[in-house]
Amino acid sequence: LCARHLAVALVNWLATVLATPRPLPRMDFSKGIPPELRTLVVVPTMLTGVQNIEDLAKAMEVRFLANREDHLHFALLTDLQDAREETLPDDEPLLRLAQRRIQELNEKYKGARGDAFFLFHRPRRWNPREGRWMGYERKRGKLEDLNALLRGRSNGHFSRVVGNAGILRQVKYVITLDADTQLPRDAARLLVGAMMHPLNRARYN
C-alpha cells in the first residue's frame, strides 16, 4: 500500500516535469456565459441511500454557488442499484427524496430565467447477459439518453424529470462531472470559453 502511494506520487511528479503544458486559447466570458451558449453541468450517478442523496444535493449546491451564471444549469442523471426485480420497496422513497431536494434548491435560488437544477431519472431495464434489472449502459447510457432529450429525440428513457426542462432545448454545451468532482469558482465559464474558441472546436469527418 505504501509503495503504491509512493509510485503514484512519483509518476504524477514526473508528468509535470516531462510534459510541457500548453494553455488552450479561450474566449473572454468574464461578464458571463452568453445566452446562445447555455450550458448544462451533469453528474451521472446512482441513488444508493438517503445520505447519498443528501451528499449529491449538497455537492450540486456548492458547484452552483461557485459558478453562478444566468445561463448555466445543473442536473443529476440517476438510476438505481442493480436488482433481481424491476422495482424494490425502497425505490420510491429515494426518488421522492431526490425530487424534493431538487425542488428545494430551485425554490431557494429561484430566478427569472427558469430552473437552475434538474433531476433526470431512468428506470431499471432487464439485462439478459447479467440476468439482472439495471440502468442501461450505466454512465454512457445516461449521457446518450440526455443528449437525445436535449436534441428533442427522447424516447421516454427518463421515468422522472424534475425541473422545467423546456429551457434545456437551448443547451449548447454539456459538462460532465463525477459525483466526487468539484467545479472550482468560475471554472464552468472558463471551460465554455475554451470550447467556444474557433481553434478548439471539434471537426467531424
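Here, the structure is the one placed above.
1. So, helix α4 (residues 138-150)
Between its terminal C-alpha atoms α4 stretches 19 Å, which fits the 18 Å expected from 13 residues at 1.5 Å a residue. Looking one or two residues past α4, G152 carries a phi angle of roughly 75°, positive in sign.

2. With respect to empty space enclosed by the protein
Scanning the model with the defined rule gives one cavity of 30 Å³ or more in all. Contributing to the lining of the largest cavity are R122, P123, R125, G135, Y136, D145 and H157. Of the residues that constitute the lining of the largest cavity, the class distribution is two nonpolar, two polar and three charged.

3. Description of the sheet that holds strand β6 (residues 160-162)
Spatially, the five strands line up as an open sheet ordered β6-β3-β2-β1-β7, and their pairing is mixed. Two strands in the sheet have a free side with no partner beyond their single neighbour: β6 and β7 (173-176). Adjacent strand axes in the sheet meet at a mean angle of 20° when their direction is disregarded. Pairing between strand β1 (residues 39-47) and strand β2 (residues 72-80): nine bridges, direction parallel. Bridge pairing in β2 places L40 opposite H73. Here helix α2 (residues 50-66) sits on the sheet and contacts β1, β2 and β3 (117-121); the angle it forms with β1, its principal contact strand, is near 165°. The sheet contacts of helix α3 (residues 91-108) involve β1, β2, β3 and β6, and relative to β3 the element is tilted by about 160°.

4. A short note on the packing of aromatic side chains
Considering all chains together, one arrives at eight aromatic pairs under this definition. Considering the side-chain rings of F64 and F74, the 6.0 Å spacing of their centres and the 80° angle between planes classify their relative orientation as edge-to-face. With F64 in helix α2 and F74 in strand β2, this residue pair connects regions lying ten residues apart in the sequence. Its relative accessible area of 6% is what places F64 among the buried residues. In textbook terms, an aromatic cluster arises when at least three aromatic residues are bridged by ring pairs, as seen for F64, F74, Y109 and F117. Cation over ring: R125 sits above Y136, and NZ or CZ is 4.6 Å from the ring centre.

5. Here we look at the pairing of β7
Every other side chain in a regular strand lies on the same face of the sheet, so the side chains alternate between the two faces. Only one face of β7 is covered, namely the face carrying Y173 and I175; the face carrying V174 and T176 is uncovered. Of the strand pairs in this sheet, β1 and β7 are connected by four bridges, and their pairing is parallel. Directly across from V41, in β7, lies its bridge partner I175.

6. Some thoughts on the pairing of β1
In terms of burial, β1 is largely enclosed, as eight of its nine residues are buried. Handedness of the β1-α2-β2 crossover: right-handed.

7. A look at the nonpolar core
The biggest cluster of nonpolar side chains holds 32 residues, and the ones touching the most others in it are F74 and F117. Elements supplying a minimum of two residues to this core: β1, α2, β2, α3, β3, β7 and α5 (187-196). If you tally residues by element for this core, the top one is α3, at six residues. Sequence-distant contacts of F74, that is, excluding residues within four places in its chain, are made with L40, V41, M60, R63, F64, N67, A116, F117, F118 and L183. The next biggest cluster of nonpolar side chains, apart from the first, holds 13 residues, and it includes F118, F120, I167 and L168.

8. Things to note about the side chain of D91
Along the chain, D91 turns up in helix α3. Classification of D91 as buried rests on a relative accessible area of 9%.

9. Quick notes on the pattern of salt bridges
Under the criterion given, the structure shown has 15 salt bridges. Measuring nitrogen to oxygen at the nearest pair gives 3.9 Å for the salt bridge that ties R96 to E92. Taken together, the residues span about one helical turn, with R96 and E92 both in helix α3 at a distance of four residues. The residue D145 makes a salt bridge to R122 at a minimum N-O spacing of 3.0 Å. You can see D145 sitting in helix α4 and its partner R122 sitting in the loop between β3 and β4 (125-127), a full 23 residues away along the chain. Note on accessibility: D145 and R122 belong to one class, buried. Each member of the salt-bridge network shares a partner with another, and the members are D79, R122, K142 and D145.

Cut-offs used in this document
Residues numbered from 1 in each chain as written. Predicted model: local features only at pLDDT ≥ 70, side-chain atom pairs only at ≥ 80, totals over all residues. Heavy atoms only, no water. Helix = DSSP H or I, 4+ residues; strand = E, 2+ residues; numbered from the N terminus. Expected span 1.5 Å × (residues − 1). 1 Å grid on protein atoms, 1.4 Å probe; cavity = no way out; pocket = protein on both sides within 12 Å on 5 of 7 lines; lining within 4 Å. Points joined across faces, edges and corners; volume = space filled by probe spheres on them. Nonpolar A, V, L, I, M, F, W, Y, C, P; charged D, E, K, R; others polar. Pairing = 2+ DSSP bridges. Axes fitted to C-alpha atoms, helices over the stretch in contact; angles between N-to-C directions. Contact = heavy atoms within 4.5 Å. Phe/Tyr/Trp six-rings, centres within 6.5 Å; stacked < 30°, edge-to-face > 60°. Buried < 20%, exposed > 50% of the residue type's maximum accessible area, 1.4 Å probe, protein only. Lys NZ or Arg CZ within 6 Å of the ring centre and 35° of its normal. Right-handed = clockwise from strand over helix to strand, strands pointing away. Core = buried A, V, L, I, M, F, W, Y, C linked by side-chain atoms within 4.5 Å. Salt bridge = Lys/Arg side-chain N within 4 Å of Asp/Glu carboxyl O.

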